[in-house]
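# Structure assessment
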Amino acid sequence: MSLILASQSPRRKELLGLFGVDFSVRVADIDETMDLSADPAAEVARVSRLKALAVPRGEDDVVVAADTIVVCQGKILGKPKDVADAKAMLTLLSGRDHQVMTGMTVLRGQNIQSCTEVTDLHFRPLSEAEIDRYIASGDPMDKAGSYGIQSGAALFCEKLNGDYYNVVGLPVCRLAQIFKTIAPEML
């Protein structure tokens, strides 16, 4: 039995490392396009399931896959395409409530469990200079919603209700609960 992380995210690697179990990384080559007319929570779970099913694995291997999005005013915010996209996202989030949704799938043999963890956040109003400075740091460019709560965007978040690690990219408490039923030897 091997543990496989179906993600190349350095943040997910770090968080899965909290379990103290050796694992390998296998990147899923799938189309991550979401149906913007569908329920965002269902869509992010669907993409995580596709990732889990796409990686090569043995019958007893445990696969963990996740996908994270930010939802603000009904709009799904993935990773920014460019600087202008990052600025538009951060401007939208400025002074507003939003949600971070991580779809997660754990797969072992024929047992597949998918879920979506949701964390509510509120950003204080941001000045254009703050947004530009944060974008210039490069931090937003590989993150859903154009921000990393564990880095510079920590200065923007006034309120957070839910799992902090979900916002980073992997809801480890929820993962531990799933491991209890699907792979108790991981705990």
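Anyway, here's the lowdown on the structure attached to this text. This structure is a prediction, so every number in the text was calculated from the model and none was measured.

## A look at the packing of helix α3 (residues 83–93) against helix α4 (residues 128–136)
Across the interface, α3 lies against α4 with an axial gap of 10 Å and an inter-helix angle of 135°. Classified by the angle between their axes, α3 and α4 sit oblique to one another. Handedness of the α3/α4 crossing: right-handed. Counted together, V83, A86, K87, L90 and T91 of α3 and E128, I131, D132, Y134 and I135 of α4 form the full contact between these two elements. Taken together, the residues of the contact of α3 with α4 break down into six nonpolar, one polar and three charged.

## Overview of the pattern of salt bridges
In this structure the tally under the stated criterion is 13 salt bridges. Among the salt bridges present, the one from D85 reaches K81, with a minimum N-O distance of 3.8 Å. Assessed through its relative accessible area of 18%, D85 is described here as buried. Notably, a salt bridge pairs K143 with D142, separated by 2.8 Å at the nearest N-O pair.

## Focus: the side chain of D139
Mapped onto the fold, D139 is located in the loop between α4 and β7 (157–161). For D139, the side chain forms a polar contact with the side chain of S151, separated by 2.5 Å. Not counting the four nearest positions on each side in its chain, D139 is found in contact with Y134, G148, S151 and G152.

Procedures and definitions
- Residues numbered from 1 in each chain as written.
- Predicted model: local features only at pLDDT ≥ 70, side-chain atom pairs only at ≥ 80, totals over all residues.
- Heavy atoms only, no water.
- Axes fitted to C-alpha atoms, helices over the stretch in contact; angles between N-to-C directions.
- Helix = DSSP H or I, 4+ residues; strand = E, 2+ residues; numbered from the N terminus.
- Parallel < 35°, antiparallel > 145°, perpendicular 65-115°, else oblique.
- Left-handed = near helix turned anticlockwise from the far one by under 90°.
- Contact = heavy atoms within 4.5 Å.
- Nonpolar A, V, L, I, M, F, W, Y, C, P; charged D, E, K, R; others polar.
- Salt bridge = Lys/Arg side-chain N within 4 Å of Asp/Glu carboxyl O.
- Buried < 20%, exposed > 50% of the residue type's maximum accessible area, 1.4 Å probe, protein only.
- Polar contact = N/O pair within 3.5 Å; in protein donor to acceptor, adjacent residues only side chain to side chain.

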